[in-house]
Amino acid sequence: MATASRRPTLPVLTVLTALAPVSWGTTYAVTTEFLPPDRPLFTGLMRALPAGLVLLALARVLPRGIWWAKAAVLGALNIGAFFPLLFLSAYRMPGGMAAVVGSVGPLFVIGLSALLLAQRPTGRALVAGAVAAFGVSLVVLKAAGALDPVGVLAAVASTASMSTGTVLTKKWGRPEGVGPLALTAWQLTAGGLLMAPLAFLVEGAPPALDGRAIGGYLYLALANTALAYWLWFRGIGRLTATQVTFLGPLSPLTAAIVGWSALGQALTPVQLAGMALAFGATVAGQLGAGRGGPVRKAAGAATVPVATPAPATASPTALATVSVVARQPK
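Only a predicted model underlies this, so the values are computations on that prediction, with no experimental measurement involved. (Residues numbered from 1 in each chain as written. Predicted model: local features only at pLDDT ≥ 70, side-chain atom pairs only at ≥ 80, totals over all residues. Heavy atoms only, no water.)

**Regarding the pattern of salt bridges**
Phase 1: Under the defined criterion, the tally for this structure stands at one salt bridge.
Phase 2: A salt bridge links arginine 39 to glutamate 203; the shortest N-O distance between them is 3.4 Å. Linking arginine 39 in the loop between helix 2 (27-34) and helix 3 (40-59) with glutamate 203 in helix 10 (residues 180-203), this pair joins segments that are 164 residues apart in sequence. (Salt bridge = Lys/Arg side-chain N within 4 Å of Asp/Glu carboxyl O. Helix = DSSP H or I, 4+ residues; strand = E, 2+ residues; numbered from the N terminus.)

**Describing the confidence of the model for the protein**
Low-confidence regions, as indicated by low pLDDT, have predicted coordinates that should not be scrutinised in detail.
Phase 1: In this model, the protein carries a mean pLDDT of 76, and residues with pLDDT of at least 70 account for 75%.
Phase 2: Across residues 1-5, confidence stays below pLDDT 50; counting only partners more than four residues off in sequence or on other chains, it has one contact.
Phase 3: Confidence drops under a pLDDT of 50 for residues 290-330, and excluding neighbours within four residues, the segment shows 150 contacts in the predicted structure. (pLDDT = per-residue confidence, 0-100. Contact = heavy atoms within 4.5 Å.)

**Description of the environment of alanine 276**
Phase 1: Topologically, alanine 276 is positioned in helix 14 (residues 269-287).
Phase 2: When its relative accessible area of 51% is taken as the criterion, alanine 276 is described as exposed.
Phase 3: Spatially, the C-alpha atoms of alanine 276 and leucine 253 are 9.3 Å apart, while their sequence positions differ by 23 residues. (Buried < 20%, exposed > 50% of the residue type's maximum accessible area, 1.4 Å probe, protein only.)

**Comments concerning the packing of aromatic side chains**
Phase 1: Enumeration according to the criterion identifies six aromatic pairs in this entry.
Phase 2: Taking 4.9 Å as the distance between ring centres and 55 degrees as the angle between the ring planes, the aromatic pair formed by tryptophan 24 and tyrosine 229 counts as tilted. Placement of tryptophan 24 in helix 1 (residues 10-24) and of tyrosine 229 in helix 11 (residues 211-238) is noted, with a sequence separation of 205 residues between them.
Phase 3: Look at tyrosine 229 and you get buried, because its relative accessible area is 0%.
Phase 4: Between phenylalanine 42 and tyrosine 217, the ring centres sit 5.6 Å apart and the planes meet at 90 degrees, which makes this aromatic pair edge-to-face. In this pair, phenylalanine 42 sits in helix 3 while tyrosine 217 sits in helix 11, placing the two residues 175 residues apart along the sequence.
Phase 5: Linked through ring pairs, Trp24, Tyr229, Trp232 and Phe233 together constitute an aromatic cluster.
Phase 6: Over the ring of phenylalanine 42 we find arginine 39; its NZ or CZ atom is 5.9 Å from the centre of that ring. (Phe/Tyr/Trp six-rings, centres within 6.5 Å; stacked < 30°, edge-to-face > 60°. Lys NZ or Arg CZ within 6 Å of the ring centre and 35° of its normal.)

**Notes on the side chain of asparagine 224**
Phase 1: Here asparagine 224 is to be found in helix 11.
Phase 2: Residue asparagine 224 is classed as buried on the basis of its relative accessible area, which comes to 0%.
Phase 3: With near-sequence residues (within four places) excluded, asparagine 224 lies in contact with Ser23, Trp24, Thr26, Thr27, Arg47, Tyr219 and Tyr229.

**Some remarks on helix 10**
Phase 1: Taking 1.5 Å of rise per residue, 24 residues should cover 34 Å, and helix 10 covers 33 Å from first to last C-alpha, within 8% of that figure.
Phase 2: The largest bend in helix 10 amounts to roughly 30 degrees and is located at methionine 195, with the proline proline 197 lying one to four residues further along.
Phase 3: Looking one or two places after helix 10, you find glycine 204, whose phi comes out positive at around 85 degrees. (Expected span 1.5 Å × (residues − 1). Bend = angle between axes of the 7 residues up to and from the residue.)

**Topic: the nonpolar core**
Phase 1: If you look at the biggest cluster of nonpolar residues, it comprises 25 residues, and the most contacted ones within it are Trp24, Ile79, Phe82, Phe83, Leu188, Tyr229 and Trp232.
Phase 2: Elements with a minimum of two residues in this core: helix 1, helix 3, helix 5 (82-92), helix 10 and helix 11.
Phase 3: When residues of this core are assigned to their parent elements, the largest contribution, six residues, is made by helix 11.
Phase 4: When near neighbours in sequence (up to four residues on either side) are disregarded, leucine 188 contacts Ala48, Leu49, Ala51, Gly52, Leu55, Ile79, Thr225, Ala226 and Tyr229.
Phase 5: By size, the runner-up hydrophobic cluster in this structure holds eleven residues, among which are Leu74, Leu168, Trp172 and Trp186. (Core = buried A, V, L, I, M, F, W, Y, C linked by side-chain atoms within 4.5 Å.)

**Observations concerning the side chain of threonine 43**
Phase 1: Among the structural elements, threonine 43 can be located in helix 3.
Phase 2: Within the structure, threonine 43 has its side chain in polar contact with the side chain of tyrosine 217 (distance 3.4 Å).
Phase 3: Dropping the residues within four chain positions of it, threonine 43 is found in contact with Leu35, Tyr217 and Leu220. (Polar contact = N/O pair within 3.5 Å; in protein donor to acceptor, adjacent residues only side chain to side chain.)

Structure representation (structure tokens):
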């Protein structure tokens, strides 16, 4: 078992946590190039449930007592509700509007943190969150069209769902003796089980899979979900909230870079300026983060550092950007 002295330093931990949104930024390219089309629910199911079961087999720890209910709530918010709402908004929203809504996740989290964690927002965090959202909008908001009410509601709901889930993850911590691997496994498994009946009722039987599709699903389940979410939830527990909050914009930035380098999509000067703004806000959020505060231990929960002063972590709602950036007209 790793000791505290062997834990990575905060700069290293920040980089490792940042790998999660960077990985999520590759989702759409993998989906369009390797997976069967028009199966968003099945794809969400294949991302979540196999990853959860693999991590559950590695952790070999099941929830106990109230944590059965807490794991179900977190799994529904972070995975089971978030994935379907995310894909619904991405398919129905014109242009980059779904990504713009998702990019305001840090601002959602600031409000939720004030309510659930009694953490007062700082002016620096509010400004950095607004600048990041504006930068993302410059990157992805190109196509015009009438707004679809269902798509707008789904985008807002997906952002609110994941934001609430990550704030509750910070609030509840972990049960005594349970590591981030088990907590991640519980949430992915619960979310996958929630999506399973919905996927089969709405989309029918699973599609036929060739070698490319199997490889794509393996990447999504293992690297893009199991590993990425483990890194993300570990970061939530150990980094200050502001540090994690402003890693979210790395997902749409990665999606834009992948679209340019691998899918032949051009980047305009306005998009490059937006990327610079979003990345600058991410760096500002890291530099402005306070050091870890006193350790708080909730009833039945493991000790986790409390951020000072900052909102809780932002969710990877920029996943919506992955779906809309690559669909923009070249």
